[in-house]
Amino acid sequence: MQATRILPDLQCSLLCEEIRQEVTGNFFLIGVINFIRVPQLPVVALKLSLFNRWTAGVGQFVESARLIAPDQTTVLRKGEVKFTLQDAALHATNVTLFGQVEFKVAGTYYIEVLVDDVMKLRYPVPVIVTPPQSQPPGSQTPPAPATGG
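In this report, we go over the structure that sits alongside the text. (Residues numbered from 1 in each chain as written. Predicted model: local features only at pLDDT ≥ 70, side-chain atom pairs only at ≥ 80, totals over all residues. Heavy atoms only, no water.)

### Points about the sheet that holds strand 9 (residues 118-129)
Here is step 1: A sheet is described by the order of its strands in space; here five strands give the open sequence 3-9-8-5-6, paired in mixed fashion. Across the chains shown, the open sheet's two edge strands, defined by having one partner strand only, are strand 3 (36-38) and strand 6 (75-85). Across this sheet, the average inter-strand angle for adjacent strands is 15°, counted without regard to direction.
Here is step 2: In this sheet, strand 9 lies alongside strand 3 in parallel orientation, the contact comprising three bridges. (Pairing = 2+ DSSP bridges. Helix = DSSP H or I, 4+ residues; strand = E, 2+ residues; numbered from the N terminus. Axes fitted to C-alpha atoms, helices over the stretch in contact; angles between N-to-C directions.)

Structure representation (structure tokens):
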């Protein structure tokens, strides 16, 4: 008996500044995000890219990816992607773009990744406010002397 449907495993999920694909099919992940540090709030991220790779499944599926606010109920952005895995030895890579995301408050935001309404992964993305450090007058480091060559 051959399996007609096996729910896939989420091999990885990475929030990035940008994702590009070469003509060979390989992906470039640019600026993998551990946290978001900003000088003040509110701030708008023009684009956040979510890279998800699925494997070890068979069938047709719907991936749902959500960006959740620190109150853990407000969905700031959501994306859905339909994909198919015809063999458990194959994989599927999905990229979801979250555009014009406004972060109004500091705190821990969350990425949630589901397949067919089954939660596969939920991970934190802290937004941290770090005001610029003001330096007292005259405390700047002098430039290094030029060397001849």
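### Focus on the packing of aromatic side chains
Here is step 1: The final tally for this structure, using the stated rule, is four aromatic pairs.
Here is step 2: With a centroid separation of 5.6 Å and 25° between ring planes, the pair formed by Trp54 and Phe83 is classed as stacked. Highlighted residues: Trp54 in strand 4 (residues 43-55) and Phe83 in strand 6, separated in sequence by 29 residues.
Here is step 3: Under the relative-accessibility criterion, Trp54 is labelled buried at 0%.
Here is step 4: A residue is classified by how much of its surface remains accessible, and Phe83, at 7% relative accessible area, is buried.
Here is step 5: Note that Arg122 overlies the ring of Tyr110, its terminal NZ or CZ placed 3.9 Å from the centroid. (Phe/Tyr/Trp six-rings, centres within 6.5 Å; stacked < 30°, edge-to-face > 60°. Buried < 20%, exposed > 50% of the residue type's maximum accessible area, 1.4 Å probe, protein only. Lys NZ or Arg CZ within 6 Å of the ring centre and 35° of its normal.)

### Comments concerning a nonpolar patch on the surface
Here is step 1: Side chains of Phe27, Leu29, Val32, Val95 and Leu97 sit close together on the surface and give an oily, nonpolar patch of about 380 Å² of accessible area.
Here is step 2: Elements with a minimum of two residues in the nonpolar patch: strand 2 (27-32) and strand 7 (91-103).
Here is step 3: At three residues, the largest contribution of residues to the nonpolar patch is made by strand 2.
Here is step 4: By relative accessible area, Val95 is classed as partly exposed at 34%. (Patch = residues over 30% accessible without salt bridge, like charges linked within 9 Å, V, L, I, M, F, W, Y side chains within 5 Å. Areas by Shrake-Rupley, 256 points an atom, 1.4 Å probe, with all protein chains shown as cover. Salt bridge = Lys/Arg side-chain N within 4 Å of Asp/Glu carboxyl O.)

### Focus on the sheet that holds strand 1 (residues 9-21)
Within a beta sheet, neighbouring strands are joined by backbone hydrogen bonds and run either parallel or antiparallel to one another.
Here is step 1: Pairing within the open sheet is antiparallel, and its four strands lie in the order 2-1-4-7. Each edge of the open sheet is held by one strand with a lone partner, namely strand 2 and strand 7. Within this sheet the neighbouring strands show an average axis-to-axis angle of 45°, counted without direction.
Here is step 2: Pairing of strand 1 with strand 2 involves five bridges; the strand directions are antiparallel. Bridging across to strand 2, Gln21 finds its partner in Phe27.

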